[in-house]
Amino acid sequence: MSKKTVSVWTSIPFWRRSAGWVTGFAAMLLIWLTFDTMGQIAMGTDADLKNGITKRVPGPTVINYKITYEMSDKRGHEVPVIGEKEKFFGRDDWSEEEARELLHLGKLGSQAKNCMNCHTLLGNGAYYAPDLTKAWLDPAWGPNGPYLGMTNSKTKEEAMSKFLQFPSQYPTHERMMPNLGITEKEAMGLVAFLKHMSSIDTNGFPRNFGRMSTDGVTGAIHGK
Amino acid sequence: MFEPFTDVVPSIFGTLNQGPLTLTLFLHTIIILPMFWIYKSEKKRLEEES
């Protein structure tokens, strides 16, 4: 008995089953990915930092440590490296609760002042003003950078705090930042928030941040 | 194509996302191969019905 020629390509059940498979599989994959991501972005603890356990998002007490940004040949991009203890606003013994409170204040401040209206934080926001994701690691705020002298400060956090309180006094960018009425306490929180954010392993985002600066000082985040 | 895992936290998605090729091969394998099976079973069903 010879079989009749049939057309599978024009058969509706074939396409229905195929679409069902693709949609169903993609849905399962996305649900799995969601739970996987939640594990990846879970914040570490103070104990993790003390025991040298690497987390993508370190605990809030990372503000007690020096953070550097180093090229990883293995991964092909820069990664934040948490180093020795470093004083932050004169202290390197911020407890987990204090640090969390400070970061929380900074996070709320960044939302209240709508930083993202001009800046980018972890990929969200605008590029009217410099990307803030790794702003703490910008060499322009470092010991050889111009901003310590400009703000008459001894430390990076002091310089950033002064700038945040009175940004219109300090020319750091062609498009100068307006005064947003940030208080000293809020500025402290914001700087802590920036320092913590710079310690987050963002798989090298923003790309080539450390290599943008040619003389090792001027504005890596300014893209010059 | 298959290189040592370099990401911070081990994850199957990190392995799949080593480069564009790994992910493409994985998704095509997982999506296209079952479609061959669906095609064959639909063909068999249509032939039996006709």
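In this text the structure is predicted, and so the values were computed from the model without any measurement.

(A) Here's a closer look at the overall build of chain A. Helix and strand counts for chain A come out as 6 helices and 4 strands. Each helix and strand of chain A, ordered N terminal to C terminal, gives the series α-α-β-β-α-β-β-α-α-α. Against the compact-globule benchmark of 17 Å for 224 residues, chain A has a radius of gyration of 23 Å, which places it well outside the compact range. Viewed in the frame of its principal axes, chain A has a C-alpha envelope of about 95 × 40 × 35 Å. Taking all 224 residues of chain A together, 44% fall into the buried category. For chain A, long-range pairs separated by at least 24 residues make up 54% of all intrachain contacts whose partners lie at least 6 apart in sequence.

(B) Focus on the pairing of strand β1 (residues 65-72) of chain A. Residues and elements named next belong to chain A. Here β1 pairs with strand β2 (residues 77-85) via 7 bridges, running antiparallel. Along β2, the bridge assignment pairs E70 with V79. Here β1 folds back onto β2 in antiparallel fashion, the turn holding 4 residues, of which G76 has a positive phi close to 80 degrees.

(C) Expanded view of helix α6 (residues 184-198) of chain A. Residue and element names in this part refer to chain A. With 15 residues, α6 extends 21 Å between its outermost C-alpha atoms, agreeing within 8% with the 21 Å of an ideal straight helix rising 1.5 Å per residue. Along α6, the residues classified as buried are A187, M188, G189, L190, V191, A192, F193, L194, K195, H196, M197 and S198. Packing partners of the buried residues in α6 comprise β1, β2, α3 (96-112), β3 (120-121) and α5 (156-165).

(D) Summary view of the nonpolar core. Residues and elements named next belong to chain A. Judged by nonpolar contacts, the single largest core of 30 residues is most densely connected at I63, F88, W94 and L164. Going through the elements one at a time, β1, α3, α4 (147-150), α5 and α6 are the ones with two or more residues in this core. Counting residues per element, this core draws most heavily on α6, at 5 residues.

(E) Structural view of the pattern of salt bridges. All names here are of chain A. Under the counting rule described, the total for this entry stands at 9 salt bridges over all chains. Linking D201 and R75 is a salt bridge whose minimum nitrogen-to-oxygen distance equals 2.8 Å. With D201 in the segment after α6 and R75 in the loop between β1 and β2, this pair connects stretches of sequence that are 126 residues apart. For D201, a relative accessible area of 9% corresponds to the buried category. A relative accessible area of 17% places R75 in the buried class.

(F) Main features of the environment of R100 of chain A. Note that R100 of chain A resides in helix α3. Along the chain, R100 of chain A and F193 of chain A lie 93 residues apart, while their C-alpha atoms are 9.6 Å from each other.

(G) Inspection of the packing of helix α1 (residues 12-40) of chain A against helix α2 (residues 20-49) of chain B at higher detail. Their axes nearest at 9 Å, the elements α1 of chain A and α2 of chain B cross at an angle of 150 degrees. Relative to α2 of chain B, the element α1 of chain A lies roughly antiparallel. Taken as a pair, α1 of chain A and α2 of chain B cross one another with a handedness that is right-handed. Contact residues: α1 of chain A offers P13, F14, W15, R17, S18, W21, V22, F25 and L29 of chain A, while α2 of chain B offers F26, L27, I30, I31, P34, M35, W37, I38, Y39, S41, E42 and R45 of chain B. Its residues assigned to classes, the contact of α1 of chain A with α2 of chain B comprises 16 nonpolar, 2 polar and 3 charged.

(H) Main features of the side chain of S161 of chain A. Within the fold, S161 of chain A resides in helix α5. Excluding its chain neighbours within four sequence positions, the residues that come into contact with S161 of chain A are F89, A187 and V191 of chain A.

(I) Representation of α2 of chain B within the structure. Taking 1.5 Å as the rise per residue, α2 of chain B with 30 residues should run 44 Å; its terminal C-alpha atoms sit 43 Å apart, in good agreement. When the local axis directions of α2 of chain B are compared, the greatest deviation, roughly 25 degrees, occurs at T29 of chain B. Along α2 of chain B, the residues that are buried comprise T22, M35, I38, E42 and L46 of chain B. Of the surrounding elements, those touching the buried residues of α2 of chain B are α1 of chain A together with α1 (12-16) of chain B.

(J) Here's a closer look at the packing of aromatic side chains. Summed over all chains, the structure comprises 12 aromatic pairs over all chains. Ring geometry for F88 of chain A versus W94 of chain A: centroids 6.4 Å apart, planes at 65 degrees, classification edge-to-face. In this structure W94 of chain A comes out as buried when scored by relative accessible area, which is 10%. Connected via pairs of aromatic rings, a cluster forms that spans W9, F14 and W15 of chain A together with Y39 of chain B.

(K) Geometry of the confidence of the model for chain A. Considering every residue of chain A, the mean pLDDT works out to 89; 92% of them sit at 70 or more. Note that pLDDT drops below 50 for residues 219-224 of chain A; the model gives that stretch 20 contacts with residues more than four away or on any other chain.

Cut-offs applied
- Residues numbered from 1 in each chain as written.
- Chains lettered and ligands numbered in written order.
- Predicted model: local features only at pLDDT ≥ 70, side-chain atom pairs only at ≥ 80, totals over all residues.
- Heavy atoms only, no water.
- Helix = DSSP H or I, 4+ residues; strand = E, 2+ residues; numbered from the N terminus.
- Rg over C-alpha atoms; globule rule 2.2 N^0.38 Å.
- Buried < 20%, exposed > 50% of the residue type's maximum accessible area, 1.4 Å probe, protein only.
- Contact = heavy atoms within 4.5 Å.
- Pairing = 2+ DSSP bridges.
- Expected span 1.5 Å × (residues − 1).
- Core = buried A, V, L, I, M, F, W, Y, C linked by side-chain atoms within 4.5 Å.
- Salt bridge = Lys/Arg side-chain N within 4 Å of Asp/Glu carboxyl O.
- Axes fitted to C-alpha atoms, helices over the stretch in contact; angles between N-to-C directions.
- Parallel < 35°, antiparallel > 145°, perpendicular 65-115°, else oblique.
- Left-handed = near helix turned anticlockwise from the far one by under 90°.
- Nonpolar A, V, L, I, M, F, W, Y, C, P; charged D, E, K, R; others polar.
- Bend = angle between axes of the 7 residues up to and from the residue.
- Phe/Tyr/Trp six-rings, centres within 6.5 Å; stacked < 30°, edge-to-face > 60°.
- pLDDT = per-residue confidence, 0-100.

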